[in-house]
Each structure stands twice: as C-alpha cells, then as structure tokens.
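Structural description and commentary
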Amino acid sequence: MAKHRILWIAASAGWLMICTVLLCMPGSAFPESSWLDKIPLFDKWVHIGMFAIMTFLIGKMAVASGHSTKKTFILIALLCFTYGVLMEFVQHYWIPYRSFDVWDMVADGAGAAVGLAVLQYSNKL
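An account of the accompanying structure is given in this report. (Residues numbered from 1 in each chain as written. Predicted model: local features only at pLDDT ≥ 70, side-chain atom pairs only at ≥ 80, totals over all residues. Heavy atoms only, no water.)

1. Remarks on the overall build of the protein
Selection criterion: Numbered from the N terminus, helices here are DSSP runs of H or I no shorter than four residues, and strands are runs of E no shorter than two. We call a residue buried when its accessible area falls under 20% of the maximum for its residue type, exposed when it is over 50%, and partly exposed in between, using a 1.4 Å probe and counting protein chains only. The contact criterion used is simple: two residues touch if any of their non-hydrogen atoms lie within 4.5 Å. Residues scored as positive are Lys and Arg, those scored as negative are Asp and Glu, and His as well as the terminal groups of each chain are ignored. In this description, the location of a charge corresponds to atom NZ of lysine, CZ of arginine, CG of aspartate or CD of glutamate.
Scanning the protein for helices and strands turns up four helices and zero strands. Starting at the N terminus and walking to the C terminus, you meet the elements of the protein as α-α-α-α. For the protein, the C-alpha atoms occupy an extent of roughly 45 × 25 × 25 Å along the three principal directions. Scored against the burial criterion, the 125 residues of the protein give a buried share of 30%. Taking as baseline every contact in the protein between residues at least 6 positions apart, the subset at least 24 positions apart corresponds to 79%. Charge-centre separation for the protein: the mean point of 9 positive side chains lies 20 Å from the mean point of 7 negative side chains.

Structure (structure tokens):
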C-alpha cells in the first residue's frame, strides 16, 4: 500500500505543478492561431480535462491513504474547483495578458465533477 500511496502523491503533486505552470503562463506565451483554434471551445475542454485529471489523481491519493468515503471525494472535487476559481483571480491580477473568465470557472467545475464521477465509478470496481 505504501508504494501505491507514494505513486499517487507524486502523480497528484506533479499534475498540480503542471496545471499551476500552465495557468500562470502569460497570455503571450500561447500561439496566436493554430489548428487548435478550429476546435469549438478548445480552451474550455482543456480546463475540463485538467480539472478532471486533478480531481481523479488527488482522489486516488486519498484512496491509497485509506480515505475513500463519498464525503472525502466531494471535498476533493470542491477543493479542486476552488483552486480553479482562485487561479482565475491570479490570472486577472498578476499574470500579464491573462484575464478573468467566468466560463473557465464553469469548465473547471465541470472537470471536477467529471473527475469525481470517474473516481467514484473506479472506486466501486
């Protein structure tokens, strides 16, 4: 069990760092136009994916630590969503060429909900 716990801790911490770096990159670091612009709402799908993975990984870390209750999973999803909301404020006030986007927060919440659903389903298997 200890090996699994360390694996999930490392995966969760690594993903959180990757997300933080991506969310704190200045807007000028992203390409102006690319083939990805042709995908409808591509940015929102990225947010959904990022927060679904974050919620799932942190949830699996909790499972490996012996905390696998529905209440714990919901708390994790809420904390991941809160992180997304806070990052919107960080982008607005401290990151050049980034802005506050309510729809990004909606996508973050949707991603946390997807991650929660996958986590609960995978924990029942």
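2. A few points about the packing of helix H3 (residues 70–94) against helix H4 (residues 102–124)
Condition: For helices, the axis comes from a line fit to the C-alpha atoms of the stretch in contact; other axes are also lines fit to C-alpha atoms, and the angle between any two N-to-C directions lies between 0 and 180 degrees. Here roughly perpendicular refers to angles of 65 to 115 degrees, roughly parallel to angles under 35, roughly antiparallel to angles over 145, and oblique to all remaining angles. Should the near helix be turned anticlockwise from the far one by less than a right angle, the crossing is left-handed, and should it be turned clockwise, the crossing is right-handed.
Put simply, H3 and H4 touch, their axes get as near as 9 Å, and they point 160° apart. Put simply, H3 runs roughly antiparallel to H4. The way H3 lies across H4 gives a crossing that is right-handed. Across the interface between the two elements, Lys70, Phe73, Ile74, Ala77, Phe81, Gly84, Val85 and Glu88 of H3 pack against Asp104, Met105, Asp108, Gly109, Ala112, Leu116, Leu119, Gln120 and Asn123 of H4.

3. Focus on the environment of Tyr93
Structurally, Tyr93 is set in helix H3. For the pair formed by Tyr93 and Val106, sequence separation is 13 residues and the distance between their alpha carbons is 19 Å.

4. A few points about the nonpolar core
As a rule of thumb, soluble globular proteins bury nonpolar side chains together. Here is the rule we go by: Grouping buried Ala, Val, Leu, Ile, Met, Phe, Trp, Tyr and Cys residues that are joined through side-chain atoms within 4.5 Å yields what is termed a nonpolar core.
Listed in full, the 11 residues of the largest apolar core are Cys19, Leu23, Met50, Phe51, Met54, Ile58, Ala62, Ile76, Cys80, Tyr83 and Met87. Contributing elements (two or more residues each) for this core: helix H1 (2–24), helix H2 (42–64) and H3. Here the element with the most residues in this core is H2; it accounts for five residues. Aside from chain neighbours lying at most four places away, what touches Leu23 is His47, Met50, Phe51, Tyr83, Met87, Gln91 and Arg98. Grouped together as the second largest cluster of nonpolar side chains are five residues, Phe73, Ala112, Leu116 and Leu119 included.

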